Amino acid sequence: MQHGFTEQEWMEFSEGAMGASSRSRLEAHLAVCAECAAKLDAIRVWHQRLSTEGERLRVAMELPEIDRERMLAQSLERIAAEYPSAERRGPAEALAALRALLGPVFGAGMIRAAVDAALERGAPGGINAASWSAFAAELREMIQPACGLAAGFLALRAAMSLAVADR
Amino acid sequence: MAFNPNEEEAVALFLARPTVETYSAVFRLLAPRVQAYFRARGYDAAAAEDLSQEVMLVVYRESRRLREKGAFQPWLFKISRNVMLQDYRRATRRPQIVEITEMESSAGDPLAGLQFAQWMKCLNDDERETVMLRYVEGLEYHEIAEVLGIPIGTAQWRIFSSKKKLAASFGHGV
């Protein structure tokens, strides 16, 4: 595929990166040279094939939501372990953060109800650093029957990834 | 694949204030793409998950150094690539491109990857990585150049020469 054009020019043309005057010259050549037109067509076909199969591969590798949330909970645990004081929150802040974390997965209404019930059972005297674990365990108990074991475990890990201060 | 508005907003919020909430939003959007990056390079699901966790931890740790949200995507894949190269050096597992053929498919498409793996065998390492960043991760040329530390023209050239090689090896037809 030369015919008076460099490989660099063919590359620029096929990638749409060629200036207008060079492009017209090359287009004029393509109109009369079946050999170059066929070779350029093959390049375009391969662009299309790679795009299609690349997209197919991407879709096939999509991560199920439950795996993604499990990975997130693990990641938050690692961050909490690595930066123990960086994100320490007061009780109200911690509850708001937990609702924000779990709401997109379980639904805001479901999380509100589960948190309220877990507060009643796990931390009747209010949330503080000491009662947070009991509250988290109760939250797991609330979510598990409706959403399954993995979901309950996710809620527990998400809660335990938040560090709570006594204020 | 350019960031959609949701991704852009999540990244901007995270860079402005890296908290558990903003990090979680970024994680939900991008960790699956990082995991797919490793799966597409032959890692099994468990290994891909381990490496993705390493990448996302670096993202959290180092995000304060990055100010420009437009630079986030190449930065993310540059970290992914570095983590993979470190893993290669540890030599505990060295996936090969042919293993894509054994990849499980979570979307019920067991043939996804077979065709791609077959094609990739006729390319050299540099071409293969460039093609995958372009067509699997969906990066633009300037982003590929940033990830691989090469000029944009080199990235374009690798893609062009790869397509020529593929056409020569597999022809024009199906």
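Bear in mind the structure is a predicted one, so any value in this text is a computation, not a measurement. (Residues numbered from 1 in each chain as written. Chains lettered and ligands numbered in written order. Predicted model: local features only at pLDDT ≥ 70, side-chain atom pairs only at ≥ 80, totals over all residues.)

**Let's talk about the packing of helix 5 (residues 91-106) of chain A against helix 8 (residues 149-160) of chain A**
All names here are of chain A.
Move 1: Relative orientation of the contacting elements helix 5 and helix 8 amounts to 145°, with a least axis distance of 10 Å. Relative to helix 8, the crossing made by helix 5 is right-handed. On helix 8, the residues touching L98, L101 and L102 of helix 5 are A155, A158 and A159.
Move 2: Split by residue class, the contact of helix 5 with helix 8 holds six nonpolar, no polar and no charged. (Axes fitted to C-alpha atoms, helices over the stretch in contact; angles between N-to-C directions. Helix = DSSP H or I, 4+ residues; strand = E, 2+ residues; numbered from the N terminus. Left-handed = near helix turned anticlockwise from the far one by under 90°. Contact = placed C-beta atoms within 7 Å. Nonpolar A, V, L, I, M, F, W, Y, C, P; charged D, E, K, R; others polar.)

**Remarks on the domain arrangement of chain A**
Move 1: When the domains of chain A are assigned, the result is domain 1 (7-60) and domain 2 (65-160).
Move 2: Between the C-alpha centres of domain 1 of chain A and domain 2 of chain A the distance comes to 53 Å. (Domains from an automatic or database assignment.)

**Remarks on the interface of chain A and chain B**
It is common to give the size of an interface as the accessible area that goes away when the parts come together.
Move 1: Each partner contributes residues to the interface: chain A has 35 residues there, and chain B has 37 residues.
Move 2: At the level of secondary structure, the elements contributing two or more residues to the side of chain A that touches chain B comprise helix 1 (7-14), helix 3 (34-60), helix 4 (65-82) and helix 5 of chain A.
Move 3: Among the elements that take part in the side of chain A that touches chain B, helix 3 of chain A stands out by supplying 14 residues, more than any other.
Move 4: Of the residues assigned to the side of chain A that touches chain B, the class counts are 21 nonpolar, six polar and eight charged.

**Let's talk about the packing of helix 6 (residues 108-122) of chain A against helix 7 (residues 132-147) of chain A**
Residues and elements named next belong to chain A.
Move 1: Running from amino to carboxyl end, helix 6 crosses helix 7 at an angle of 130°, the nearest separation of the two axes being 8 Å. Comparing their axes, helix 7 and helix 6 come out oblique. In the crossing of helix 6 with helix 7, the sense of the turn from one axis to the other is right-handed. The residues of helix 7 that touch helix 6, namely those facing A114, V115, A117, A118, L119, R121 and G122, are A134, F135, A137, E138, L139, M142 and I143.
Move 2: Tallied by class, residues from the contact of helix 6 with helix 7 come to 11 nonpolar, one polar and two charged. (Parallel < 35°, antiparallel > 145°, perpendicular 65-115°, else oblique.)

**Observations regarding the domain arrangement of chain B**
All names here are of chain B.
Move 1: Each assigned domain of chain B is listed here: domain 1 (1-95) and domain 2 (108-174).
Move 2: Taken together, the contact between domain 1 and domain 2 spans eight residues of the former and nine residues of the latter.
Move 3: Counting residues per element, the ones that place at least two in the side of domain 1 that touches domain 2 are helix 2 (20-40) and helix 4 (72-90).
Move 4: In terms of residue count, helix 4 provides more of the side of domain 1 that touches domain 2 than any other element does, five residues in total.
Move 5: The residue inventory of the side of domain 1 that touches domain 2, partitioned by class, reads five nonpolar, one polar and two charged.

**Details of helix 2 (residues 20-32) of chain A**
Move 1: With 13 residues, helix 2 of chain A should reach 18 Å at 1.5 Å per residue; the first-to-last C-alpha distance of 19 Å fits that figure.
Move 2: For helix 2 of chain A, a buried count of one out of 13 residues is recorded, marking the element as mostly open to its surroundings. (Expected span 1.5 Å × (residues − 1). Buried ≥ 20, exposed ≤ 12 C-beta atoms within 10 Å, placed from the backbone.)

**A few points about the nonpolar core**
Move 1: Counting residues in each nonpolar core, the largest one holds 89 residues, and the members touching the most others are A:L98, A:L139, A:A155 and A:A158.
Move 2: For this core, the leading source of residues is helix 2 of chain B, giving 12 residues.
Move 3: Excluding its chain neighbours within four sequence positions, the residues that come into contact with A:A155 are A:L102, A:L139, A:R140 and A:I143. (Core = buried A, V, L, I, M, F, W, Y, C linked by C-beta atoms within 7 Å.)

**With respect to the environment of A:A159**
Residues and elements named next belong to chain A.
Move 1: Looking at where A159 falls in the secondary structure, it is placed in helix 8.
Move 2: Take A159: there are 27 C-beta atoms within 10 Å of it, and that puts it in the buried class.
Move 3: A159 sits 26 residues away from S133 along the chain, and the two C-alpha atoms are 8.2 Å apart.
Move 4: In this structure A159 touches L98, A136 and L139, once residues within four positions along its chain are discounted.

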